[in-house]
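# Understanding the architecture of this molecule
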Amino acid sequence: FLNFYKVIEHFSPIAVNIEANELMRKKLDSPKSLFEDGDFIRSIFNLANSMRDRYNDEDLIKASFTTCFDFIGLFEQLPNSIQKKVTSHLKIKKLEYGGDKQQIVTASNIVAKIIYKTRNRDVHAKSNFEATGEEITNQEFEDLNQFMKLASSQAIRWYSRQPNHLKREIIK
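Residues numbered from 1 in each chain as written. Predicted model: local features only at pLDDT ≥ 70, side-chain atom pairs only at ≥ 80, totals over all residues. Heavy atoms only, no water.

### Structural notes on the packing of aromatic side chains
- By the definition in use, this model includes eight aromatic pairs.
- Ring geometry for Phe1 versus Tyr5: centroids 6.3 Å apart, planes at 45 degrees, classification tilted.
- Relative accessible area serves as the criterion here: at 1%, Tyr5 is assigned to the buried category.
- Between the aromatic rings of Phe1 and Phe141, the centroid separation amounts to 5.3 Å while the plane-to-plane angle is 75 degrees, which identifies the pairing as edge-to-face. One end of the pair, Phe1, is in the segment before helix H1 (2–28); the other, Phe141, is in helix H7 (residues 141–161), and 140 residues separate them in sequence. An identical accessibility class is assigned to Phe1 and Phe141; each is buried.
- The structure contains a cluster of three or more aromatic residues connected by ring pairs, namely Phe65, Phe69, Phe71, Phe75 and Phe147. (Phe/Tyr/Trp six-rings, centres within 6.5 Å; stacked < 30°, edge-to-face > 60°. Buried < 20%, exposed > 50% of the residue type's maximum accessible area, 1.4 Å probe, protein only. Helix = DSSP H or I, 4+ residues; strand = E, 2+ residues; numbered from the N terminus.)

### Thoughts on the layout of surface pockets
- Taken as a whole, the largest pocket holds about 370 Å³ of empty space.
- As for the largest pocket, its lining consists of 14 residues, and the residues nearest its centre are Glu19, Thr66, Thr67, Lys101 and Val105.
- Looking at which element gives the most residues to the lining of the largest pocket, the answer is H1, with six residues.
- Classifying every residue of the lining of the largest pocket by side-chain character gives five nonpolar, three polar and six charged. (1 Å grid on protein atoms, 1.4 Å probe; cavity = no way out; pocket = protein on both sides within 12 Å on 5 of 7 lines; lining within 4 Å. Points joined across faces, edges and corners; volume = space filled by probe spheres on them. Nonpolar A, V, L, I, M, F, W, Y, C, P; charged D, E, K, R; others polar.)

### Brief notes about the nonpolar core
- By size, the foremost hydrophobic cluster in this structure holds 43 residues, and its most contacted members are Phe65, Phe69, Phe71, Val111, Ile115, Leu144 and Phe147.
- Looking at this core, the elements that each hand over two or more residues are H1, helix H2 (38–53), helix H3 (57–67), helix H4 (71–74), helix H5 (80–90), helix H6 (101–123) and H7. (Core = buried A, V, L, I, M, F, W, Y, C linked by side-chain atoms within 4.5 Å.)

### Focus: the packing of H1 against H7
- Between H1 and H7, the shortest axis-to-axis distance is 9 Å and the interhelical angle comes to 45 degrees. Viewed along their axes, H1 and H7 adopt a mutual orientation that is oblique. Once H1 is placed against H7, the crossing between them reads as left-handed. Between H1 and H7, the contacting residues are Phe4, Tyr5, Val7, Ile8, Phe11, Ile14, Ala15 and Ile18 on the first element and Asn145, Met148, Lys149, Ala151, Ser152, Ala155, Ile156, Trp158 and Tyr159 on the second. (Axes fitted to C-alpha atoms, helices over the stretch in contact; angles between N-to-C directions. Parallel < 35°, antiparallel > 145°, perpendicular 65-115°, else oblique. Left-handed = near helix turned anticlockwise from the far one by under 90°. Contact = heavy atoms within 4.5 Å.)

### Regarding the side chain of Glu9
- On the secondary structure map, Glu9 appears in helix H1.
- Note on Glu9: relative accessible area 17%, which makes it buried.
- Each residue touching Glu9, except ones within four places of it in the same chain, is listed here: Asp57, Ile61 and Arg119.

### Remarks on the packing of H1 against H2
- Where H1 meets H2, the closest approach of the two axes is 10 Å, and the angle between their N-to-C directions is 175 degrees. The orientation of H1 relative to H2 falls into the category roughly antiparallel. Taking contact as the criterion, the partners of Val16, Glu19, Ala20, Leu23, Met24, Lys27 and Leu28 in H1 are, on H2, Phe40, Ser43, Ile44, Leu47, Ala48 and Met51.

### Considering the environment of Ala107
- On the secondary structure map, Ala107 appears in helix H6.
- Residue Ala107 is classed as buried on the basis of its relative accessible area of 0%.
- A C-alpha to C-alpha distance of 9.1 Å links Ala107 and Phe71, two positions 36 residues apart in sequence.
- In contact with Ala107, not counting residues within four places along its chain, are Phe71, Val86, Leu90 and Leu95.

### Here we look at H2
- Across its 16 residues, H2 extends 23 Å between first and last C-alpha, which sits within 8% of the 22 Å expected from 1.5 Å per residue.
- Listing the buried residues of H2 in full gives Phe40, Ile44, Leu47 and Met51. What you see down the axis of H2 is that its buried residues fit within an arc of 60 degrees, all on one side. Facing away from the buried side of H2 by over 90 degrees, the exposed positions are Phe45, Asn46, Arg52 and Asp53.
- Residues of H2 that are buried in the fold lie against H1. (Expected span 1.5 Å × (residues − 1). Arc of directions from axis to C-beta.)

Shown next as structure tokens:
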């Protein structure tokens, strides 16, 4: 589990960089007349700061779930308890490609958070870690590992398709 987690975690900064670059491009596509407005200039700084704040462990892993692999296609590989948490939270029967985009983001964030919490439980088991109840049970690890294996494999293929300028970001 931890090896698969590390693979996904390794590519997370690239996912956040792609999102940050796209948001900044959209911002800078604004009419030139806005560039002289102090509020517009401050909004650029605010955007940069908000993206920098996303470089924490939990937000990084969430970004990879929406960018680096086919979350919807792998959803059924998750342990049943996680699938049920997501579908009951979203009040849907099944997560599908044609669904509401915000629902898909919410679903991937829920799953990423569960996996992040499970990782913390296992990594910090001997320190003062306190369970939140969001972690999976030991009986569910086989299904979770299958999901993580497939997600890691897709993330590696996703990374190999990225242009070289993005790949260099990971080395820094």
